[in-house]
Amino acid sequence: MKGKLILEDGTVFYGDLLNDFKATGEVVFNTGMVGYQESLTDPSYCAQILTLTYPLVGNYGIAELFMQSRKSFVAGFVIGDLCTDGSNWHYEKSLAAFLTEQKVPCLYNVDTRAITRHIRAAGTMKGIIVSEKAAKDAADALMATPIRREVVEAVTTPKAYDMECERRGAPFVVAMDFGVKQNILDSMHRKGFRLKVVPAHTTAEEVLAMNPDGVFLSNGPGDPADVPEIAAEIKKLFGKKPIFGICLGHQLIAIAMGAKTYKLKFGHRGTNQPVKDLRTGKVQISAQNHGFAVDAASLEGLPLAVTHVNVNDGTVEGMRHKELPIFSVQYHPEAAPGPDDNMYLFEEFRAMLEKGE
Amino acid sequence: MPKKENLSKVMVIGSGPIIIGQAAEFDYAGSQACRALKEEGLEVVLVNSNPATIMTDTHIADRVYIEPLTAEFLANIIAKERPDGLLATLGGQAGLNLAVQLAEKGVLEKYEVELLGTPLGAIEQAEDRERFKETMQKLGEPIPESMIVEDVPAAVAFAKEIGYPVIVRPAYTMGGTGGGIAENEEELIETVIKGLTYSMIGQVLIERSVAGWKEIEYEVMRDGNDTCITVCNMENFDPVGVHTGDSIVVAPSQTLTDHEYQMLRSASLRIIRELGIEGGCNAQYALDPNSNRYYVIEVNPRVSRSSALASKATGYPIAKVSAKIAIGYTLDEITNAVTQKTKACFEPALDYCVVKFPRWPFDKFVYADHTLGTQMKATGEVMSMDRNFEGALLKAVRSLEIGVHRLHMEKMEEWDDARVKKALSRINDERIFAIAEALRRGIATVDAIHDITKIDKWFLHKIQHITDVENRLTKEALTPKLMFAAKDVGLADRSIAELTKRTTDEIRTLRKSMDILPCYKMVDTCAAEFEAATPYYYSTFHAQEDEVRPSNARKVIVLGSGPIRIGQGVEFDYCSVHSVWALREMGIEAIIINNNPETVSTDFDISDRLYFEPLTTEDVLNIIDKEKPDGVIVQFGGQTAINLAASLQKAGVKVFGTSVDDIDRAEDRERFDEVLTQTKIPRPEGISVTNLRDAITGAARIGYPVMVRPSYVLGGRAMEIVYNEAELRDYMSRAVKVTPDHPVLVDRYMQGTEVEVDGISDGTDVVIPGIMEHVERAGVHSGDSIAVYPPQTLHAKILYTIVDYTKRLAAALHVKGLLNIQFVVAGGEVYIIEVNPRSSRTVPFLSKVTNVKMVNLATRIALGSTLKALGWHSGLVPPKPYVAVKAPVFSFAKMTDVDIALGPEMKSTGEAMGIDYHYARALYKAIIGSGIHVPMKGCILFTVADKDKDEMKQLVKAFSELGFAIAATEGTAKAIWGMGIDAEVVGKVHERSADIIEWIKSGRINMVINTLTQGKSSAKDGFKIRRATVEHGIACLTSLDTAWEVLRVLSFMRDRRLVYSLAIQDYVGGGDDLA
């Protein structure tokens, strides 16, 4: 069945529909060449129509092992070639079967480079996936549907759970789940943390009552300014516990400190973003998925130092509190998908906690 | 200014002559590096013996030395130029080996030259097998169980321990020379003996074979601040077991999960960090298709063939960035040349699929072993891009110019199913065609083919997509839907026509009426994330948006020359690039179409627009439809471009330069005869025959020996000299398929001096920059001869006649641009052999030594200017006071089963140049540069045909006087004793235990002089002797003319060892006082 992606500004991209689910969401592109399953199941894409610039998708199928959350939260999936004959020893099912099972609307055989070029120029915007024959008023109605905003709510764990660690003296961390990727938890676990993963709206009081050695603030979807109540709770943790934040967690630390965030024109989504560590001059390649960034100017006068910047556009990629044991990064050290170059950050966090003891 | 402030002058080592395993990619890398260094205000000194390159142009480096690449010559140049730094990691293995030698000899230390880029220790750590193993073990990176051996028994013992098959890899060689897979002890012994000979340090590695695993490569960069990135990863279509240079390669990897991709990426970064490489590096892995296990197979601590491919595949200029790193920049300080905004410190994101396909020389070396293994055999490669794998694969196939336009070989149609199935298990150049044939017939499933070949099913399914569409085309009506499906899997109009039994023109018209047109997409390193200005495009039918916005400017398309092959090498890329430069100089927009990733012409900043596409009529016309250029230039892209002239003109495209009709008059035998009659120029008597009977009567009338060849040839394909009727019968039945459409030419063979001329004509006047005399008598292909500029033995009258004939031919053929003519001078008369109204392989050589910008002039003339208007007078440019010698270079070591004897079939892959004010010295440099191991003393074996015995005696005498011992078989030895010269008797092949082969193996012979003998068994012996010299790395001269010149060099060396080097700038700068 022929289908199309219609953008808010009226631009149309054509393709074939895999299934008849309809989609509304913010259209964003990811430039990674591998890792479609990890991206599809990254909760940070909640309410977004994800398009991949790499045109051959589904080549190695889907495997349980690579799931980044309990399900896919994307609003839609727009790709080039949808591979029907995936091949890999991990292969469990086809991408097509997975998408349909997850009720993810999928438009394929699309010129995703054209979409990317358009968004690059016009900025991320709302879009819908409909069948080619969809009536105009039906499409208009769909376009008029607001994009869901309580996204953190939608993706966070419904209840707290533990990840025990055999290692003696493993630091105990409360991980606040705003839409955490499985590999963050797995990586921390592998690096020797004992974890308690808690829902996004767990209060500071509750967290402190668990008496952790440190608090981890996860990645997650949406605009950080939409969850001021969470930032308010985080503020209460400052000075009480060492904190490490990633992505949304990083942005929320900034907001809690009094800084501002802003929306990037088309975000950073991919596995090739260069991040410079201002302390060493070294650059690491990072996996990223964010549409908002911390406003560097708003950090002025705050006790936060910028530690990392993006080599491409100079945006803030990492911060550290000048006095307190608090640091954060905008990018994804856990990768999945993406390069493993920044795993050391988890070790730094562990060292921070161990030093505190 | 460079970051390293102590640098003001840097020396760059090129890779020398083109051989299998070390080809044009180093011209690309070297040129880019030199430009990157000059950009920083550095004075660049370049040394490279290969004149056919862009990098040896005088504007690429401040001081260009076209001198032999030996430590001795380099030391000499270093002493003279006193560079502050040496950059050797861009000159392939040759450059790297020289840097190691210069360091070991203390030259670098003595002259305080800093080795830039990757430190010596890192080179040794990566190259020395034992140290590499230690390093990998330290890092915890798995490498296949292996052991270094220095003799055969140790190899056998270790293989017993780990089990067969095992891989044999010699240390310090390039292109896997001398390596191989051994299935059993017998094969092991043979391969180890060979490997030990080729290794610079007499070591080979015996290694566990992981044949059948996935082969994955990563291109990695590291700067002095320890920042590392991977530029690209690549997956081989052919599993481990086939040399990566002989594998079909796809970028990025297709069948790896993110986990696998990152696992190997991280390993690559660990390795480059541990080695401390500063610049580019290549790491190769074997990945178990059924687990997360992997092995590190190899690490190249330098820019390689794969990095050239990765550069073109991604748009990321690895060589340029490596050069900047070498002079102290960090990755985040270097601008991404593609976006101009972002930095070189990122990892390119591709939004297309890249396929590389090797080009093998099996069309020339018909009898060579086609089996692909660990020893690379391809002379070149093509690359293609599309939004899907199928399209990219078929574009690559079309680009090969091997007479196929899809995965279909005509001859396989005649094969029965059993034969097709059998072909699946043979790892050779035809395997992928057999796979397609089996899928097309439905006689084997993807699973079955995977079990046999171990090729990942993902690739096989894609091939099946193509054959499924092919089968539909033969059965179903050609609806727009089916037409789109066919174009979507990359089938050419010609293929669709063949399958639907229509003409290509019909399909093209129908397709256009269906509005099924290609879109052009940009290669921008970043998957469109950032705006880019790179004018680098590929086509796809799998898209909605076309990104090309053609300008209204005056513009011209230059057709490139496709893959490097024997007979059409890097010389033609040199010409294409210069034509582009000339156009840009004239203010005309220059567009280039080419498909060779190794070349300078496909560097994105050479032309105004680069289309990386196959050079077929359809692909070119599609671009013309899009760009609407004023016309195309075909004369610089070798036969590839010339072959397109007629069909492009037929489609209404303006062909600049010599007209299509005049090209045909030069190429068509009968029409050319008319031209010769009209211009009163003699040629060796000859006839054109279409059957065996006519050939026999014709040859008898002309008189043996005769030269036989099919019409329309380049590089002397299937050309032979036959001495009698039996040989003629054999040739006609074996070598050619003779039909009325494909006549065979039978010419009198004239044993005279061959002379070659390149000229530029505007149809009225002709400028002849120089005349070249060949050392080897006619009968040896001009590309395989030693050529000397200016001629050393020709009488003024002969030269006058040659100039006169050239003028007459240029006028008669209305040549507008370049022309190349080959003459033979016999009995004081000049005869013409052939005219090529296009650029030739001697153009770069002649341009450099005469300082005439031949291609620039020819381009201007093709576009309508005249020589007069450009300030040139008709005639021969006065010869320079120095001598330049061009010597051929062969890759016989890579091609087993190929006879190395010189003949009318071209066999060389590259060339080296020697230049000096004295002929003998220039010759010495050319011969040394060409890699012939001329012995200074020792024993020379003579084994020559009866017809050459008299001349041999003179040679024996001369060599003996130089103090060489002489060896010969009994009959010849007796004749030598008769001259009062001592000669050792050596047994004929298999005559006794101490036969010739044994002598060669045991090192008792230092050089062989052998001419082709007639008769089946002696011919076979000759072949064995010649091959033995190759396997054991000793010189074998198969032309007595070459032998005389080697003798000249040797006596010169005895008298005066003094060798000095001058830069090309010194020679052409007119320093006549230096003479």
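Residues numbered from 1 in each chain as written. Chains lettered and ligands numbered in written order. Predicted model: local features only at pLDDT ≥ 70, side-chain atom pairs only at ≥ 80, totals over all residues.

With respect to the domain arrangement of chain A
All names here are of chain A. Note the threshold: The start and end points of each domain follow an automatic or database-based domain assignment. Note on contacts: residues are paired as contacts if their backbone-placed C-beta atoms lie within 7 Å. Counting from the N terminus, the helices are DSSP H or I runs at least four residues long and the strands are E runs at least two residues long. Each residue gets one of three labels, nonpolar for Ala, Val, Leu, Ile, Met, Phe, Trp, Tyr, Cys and Pro, charged for Asp, Glu, Lys and Arg, and polar for the others, Gly among them.
Domain annotation of chain A identifies domain 1 (2-148) and domain 2 (152-356). Each of domain 1 and domain 2 was reduced to a C-alpha centroid, and the two centroids are 27 Å apart. If you look at the interface, domain 1 gives 24 residues, while domain 2 gives 22 residues. Those elements that provide at least two residues to the side of domain 1 that touches domain 2 are β3 (23-30), α1 (36-40) and α3 (112-122). If one sorts the elements of the side of domain 1 that touches domain 2 by residue count, β3 sits on top with three residues. Grouping the constituent residues of the side of domain 1 that touches domain 2 by class yields 10 nonpolar, 10 polar and four charged.

Things to note about helix α11 (residues 318-326) of chain B
Helical geometry note: an α-helix holds 3.6 residues per turn, so side chains three or four residues apart project in the same direction. All names here are of chain B. For the record, the criterion: A residue is called partly exposed when the number of other C-beta atoms within 10 Å of its own lies between 12 and 20, exposed at 12 or fewer, and buried at 20 or more, with C-beta atoms placed from the backbone.
Burial of α11 is extensive: nine of the nine residues sit out of reach of the surface. Buried residues of α11: Ile318, Ala319, Lys320, Val321, Ser322, Ala323, Lys324, Ile325 and Ala326, and no others. Each element contacted by the buried residues of α11 is listed here: α1 (25-39), β4 (85-87), β10 (214-222), β11 (228-236), β13 (279-287) and α10 (305-314). Gly328, located one to two residues past α11, shows a positive phi value of around 110°.

Thoughts on the packing of helix α5 (residues 120-127) of chain B against helix α6 (residues 129-139) of chain B
Residues and elements named next belong to chain B. Put simply, the rule is: Axes here refer to lines fitted to C-alpha atoms; in helices the fit is confined to the stretch in contact. Angles between the N-to-C directions go from 0 to 180 degrees. Roughly parallel here means an angle under 35 degrees, roughly antiparallel means over 145, roughly perpendicular means 65 to 115, and every remaining angle is called oblique.
In the contact formed by α5 and α6, the axes pass within 5 Å of each other and the chain directions differ by 90°. By the angle between their axes, α5 is roughly perpendicular relative to α6. In this structure, α5 uses Glu124, Gln125 and Ala126 to contact α6, whose residues at the interface are Arg131, Phe132 and Thr135. For the contact of α5 with α6, a count of residues per class yields two nonpolar, two polar and two charged.

Here we look at the domain arrangement of chain B
What the domain assignment lists for chain B is domain 1 (9-116), domain 2 (121-143 + 211-348), domain 3 (145-209), domain 4 (355-516), domain 5 (520-656) and domain 6 (934-1055). Here the C-alpha centre of domain 5 of chain B lies 45 Å away from the C-alpha centre of domain 3 of chain B.

Re the nonpolar core
All names here are of chain B. Worth spelling out the cut-off: Nonpolar core, as used here: buried Ala, Val, Leu, Ile, Met, Phe, Trp, Tyr and Cys residues forming one set through C-beta atoms within 7 Å.
In this structure, Val12, Leu46, Val354 and Leu559 are the most contacted members of the largest nonpolar core, which totals 447 residues. The element that contributes the greatest number of residues to this core is helix α21 (residues 570-585), accounting for nine residues. Not counting the four nearest positions on each side in its chain, Val354 is found in contact with Val250, Ala251, Ala313, Met383, Met385 and Ala392. Formed by 17 residues, the second largest nonpolar core is a distinct cluster that contains Val149, Ile167, Val168 and Leu188.

Quick word on the interface of chain A and chain B
Each partner contributes to the interface: chain A provides 42 residues, whereas chain B provides 45 residues. Contributions of two or more residues to the side of chain A that touches chain B are made by β2 (12-17), α3, β15 (261-277) and β16 (283-294) of chain A. Ranked by residues supplied to the side of chain A that touches chain B, first place goes to α3(A) with five residues. Of the residues in the side of chain A that touches chain B, the class split is 19 nonpolar, 13 polar and 10 charged.

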